[in-house]
Amino acid sequence: MKSLELLVERIILSSRWLLVVFYIGLVLALAVYAVSFAFKFLKVAGSVFELGEAEMILAMLGLIDAALVASLIVMVMISGYENFVSRFDEAEKEGEVSFLGKLDSGSLKIKVASSIVAISSIHLLQVFLNVNQYTDGKIMWLTFMHLAFVVSAVMLGFLEKLMSVTSKNDLKDKE
């Protein structure tokens, strides 16, 4: 019976390598998104002398938005791989990933939520700058959705802080 248990545990632990398919898919998605970003950038660069100030601000916000989305993808890929599949052993030895810091699942949730709030803020700002193209109802719903993202991010941060304080207190109690 113990050998069956060990076999099941080995299968379950080995299944984490299936996640690599998802991370490679994200790498490919990031490459496709980079092509999309390049086209956006070329479009903005080609019309830099034709755009008014408001249009240029909207174009820059679009580029910033794309950079935030790309950063979010990279953050999820690296942290997910490190947390669920394997460490970057060789890269760590050579100092290639020291700039990343450590992204555990708790801090990843906070960073993802913060990124989503930032992306949502940019989208909402773009809507506000083009307010005449949207109905009042649509603006109201977009604002509510943004506020929901903000409240969720704040709640995640509060819960993460609460959990870290609780775990510190548990460590003190054990000593």
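The paragraphs below set out a description of the structure included in this document.

Cut-offs and rules
Residues numbered from 1 in each chain as written. Predicted model: local features only at pLDDT ≥ 70, side-chain atom pairs only at ≥ 80, totals over all residues. Heavy atoms only, no water. Salt bridge = Lys/Arg side-chain N within 4 Å of Asp/Glu carboxyl O. Helix = DSSP H or I, 4+ residues; strand = E, 2+ residues; numbered from the N terminus. 1 Å grid on protein atoms, 1.4 Å probe; cavity = no way out; pocket = protein on both sides within 12 Å on 5 of 7 lines; lining within 4 Å. Points joined across faces, edges and corners; volume = space filled by probe spheres on them. Phe/Tyr/Trp six-rings, centres within 6.5 Å; stacked < 30°, edge-to-face > 60°.

### Let's talk about the pattern of salt bridges
Point 1. The final tally for this structure, using the stated rule, is one salt bridge.
Point 2. For Lys2, the salt bridge identified is with Glu5, shortest N-O distance 3.9 Å. Within this pair, Lys2 and its partner Glu5 are both found in helix α1 (residues 2-14), separated by three residues, close to a single helical turn.

### Re the layout of surface pockets
Point 1. Estimates place the volume of the largest pocket at around 280 Å³.
Point 2. What lines the largest pocket is a set of 16 residues, and nearest its centre among them are Leu58, Ala59, Gly62, Leu63 and Gln126.
Point 3. Of all the secondary-structure elements, those providing two or more residues to the lining of the largest pocket are α2 (19-46), α3 (53-84) and α5 (105-129).
Point 4. Per-element tally for the lining of the largest pocket: the top contributor is α3, with six residues.

### A word on the packing of aromatic side chains
In this description, a pair of aromatic rings is defined by centroid distance and the angle of the planes.
Point 1. Per the stated rule, a full pass over the model turns up two aromatic pairs.
Point 2. Plain terms: the ring middles of Tyr23 and Tyr81 are 6.4 Å apart, the flat faces sit at 75 degrees to each other, and that makes the pair edge-to-face. Residue Tyr23 is located in helix α2, and its partner Tyr81 is located in helix α3; the two are separated by 58 residues in the primary sequence.
Point 3. Pairing Trp141 with Phe144 gives two aromatic rings, centres 5.9 Å apart and planes at 75 degrees, and the pair type is edge-to-face. Taken together, the residues span about one helical turn, with Trp141 and Phe144 both in helix α6 (residues 136-174) at a distance of three residues.

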